[in-house]
Amino acid sequence: MKVEILNDAEAVAKAAAAAIADYARQSVAARGRFLMAVSGGHTPWAMLRELANEQVPWKEVHVFQVDERIAPAGDPDRNLTHLRASLLEHAPLAPDHIHAMPVEMPDLEAAAKQYAQELQSLAGTPPVLDLAHLGLGPDGHTASLIPGDPVLNVADADVSLTGVYQGRRRMTLTYPVLNRAIRILWLVTGADKVPMFPRLRDGDTSIPAGRIARGQALLLADRAAAGQG
């Protein structure tokens, strides 16, 4: 894992956007497309807005969700609401190239399987993402891989459901598909991450985030999260 400490969340967002644009150009040159999965959060939304200022081969870009809350369409709790606002209003990405988790379906188990099939349709069987962008929770979770939840043990599905966490169930990508990603990009900002930052950096597998593959991972953190500010 490569680790870079930057001054603040704005610097992290800009550096992440530049890295994604570089990865996208490399992926399109090598494989003809760039498939990334993104997580939610204030710094990631800023990252996606910054991405609109980069040289990106948008026609070949597809964006999947790392996780999503089970909530109605347009709900401010939904990552999709912010994902669309951050990308579609700023970048020339085709609306149908954002692949939304179908959390509004009445049968959520069927919805998870449907999303796994959508991944396979573009990323192969088993699906391999070009990039998975992840964040770090103050409790050590990443995606919606939550401490103590049975979803941590899912090994036979790329998309699964959680129990209730912070008031809502979630749909999430699981370890198998995240760990197959060609690259992992971590964004970690804010002083509330100080206890977990070194555990992620050092690969502590007792926290969910520590079980993500490290070989092709880039960790961008601000000074606050690294305990330096």
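Being a predicted model, the structure only gives us computed values, none of them experimental.

The rules behind each value
- Residues numbered from 1 in each chain as written.
- Predicted model: local features only at pLDDT ≥ 70, side-chain atom pairs only at ≥ 80, totals over all residues.
- Heavy atoms only, no water.
- Helix = DSSP H or I, 4+ residues; strand = E, 2+ residues; numbered from the N terminus.
- Contact = heavy atoms within 4.5 Å.
- Buried < 20%, exposed > 50% of the residue type's maximum accessible area, 1.4 Å probe, protein only.
- 1 Å grid on protein atoms, 1.4 Å probe; cavity = no way out; pocket = protein on both sides within 12 Å on 5 of 7 lines; lining within 4 Å.
- Points joined across faces, edges and corners; volume = space filled by probe spheres on them.
- Nonpolar A, V, L, I, M, F, W, Y, C, P; charged D, E, K, R; others polar.

1. Examining the environment of V128
Phase 1: Along the chain, V128 turns up in the loop between α4 (108–123) and β6 (131–135).
Phase 2: Linking V128 and A181, residues 53 residues apart in sequence, is a C-alpha distance of 5.4 Å.
Phase 3: Every residue in contact with V128, bar those within four places of it in the chain, is listed here: R33, L35, A123, R180 and I182.

2. Observations regarding the side chain of T142
Phase 1: Examined against the element boundaries, T142 turns out to sit in the loop between β6 and β7 (159–161).
Phase 2: Classification of T142 by relative accessible area gives buried; the value is 1%.
Phase 3: Setting aside its immediate chain neighbours within four residues, T142 contacts L134, G135, W186, P208, A209 and I212.

3. Re the environment of A111
Phase 1: Mapped onto the elements, A111 comes out in helix α4.
Phase 2: Along the backbone, A111 and D96 are 15 residues apart, and their C-alpha atoms lie at a distance of 18 Å.
Phase 3: If near-sequence neighbours (up to four positions away) are discounted, A111 is found in contact with P102, M105 and M171.

4. What to know about the layout of surface pockets
Phase 1: For the largest pocket, the calculated volume is near 700 Å³.
Phase 2: What lines the largest pocket is a set of 32 residues, and nearest its centre among them are G40, G41, H42, R69 and H141.
Phase 3: Those elements that place two or more of their residues in the lining of the largest pocket are α2 (42–51), β4 (67–69), α3 (79–87), β6 and β9 (183–188).
Phase 4: Among the elements that make up the lining of the largest pocket, the one with the highest residue count is α2 (four residues).
Phase 5: Looking at the lining of the largest pocket residue by residue, the class counts come to 10 nonpolar, 15 polar and seven charged.
Phase 6: There is about 170 Å³ of room inside the second largest pocket.
Phase 7: Of all the secondary structure elements, the ones that give two or more residues to the lining of the second largest pocket are α4 and β7.
Phase 8: At six residues, α4 tops the list of elements feeding residues into the lining of the second largest pocket.
Phase 9: Here the residues of the lining of the second largest pocket sort into six nonpolar, three polar and three charged.

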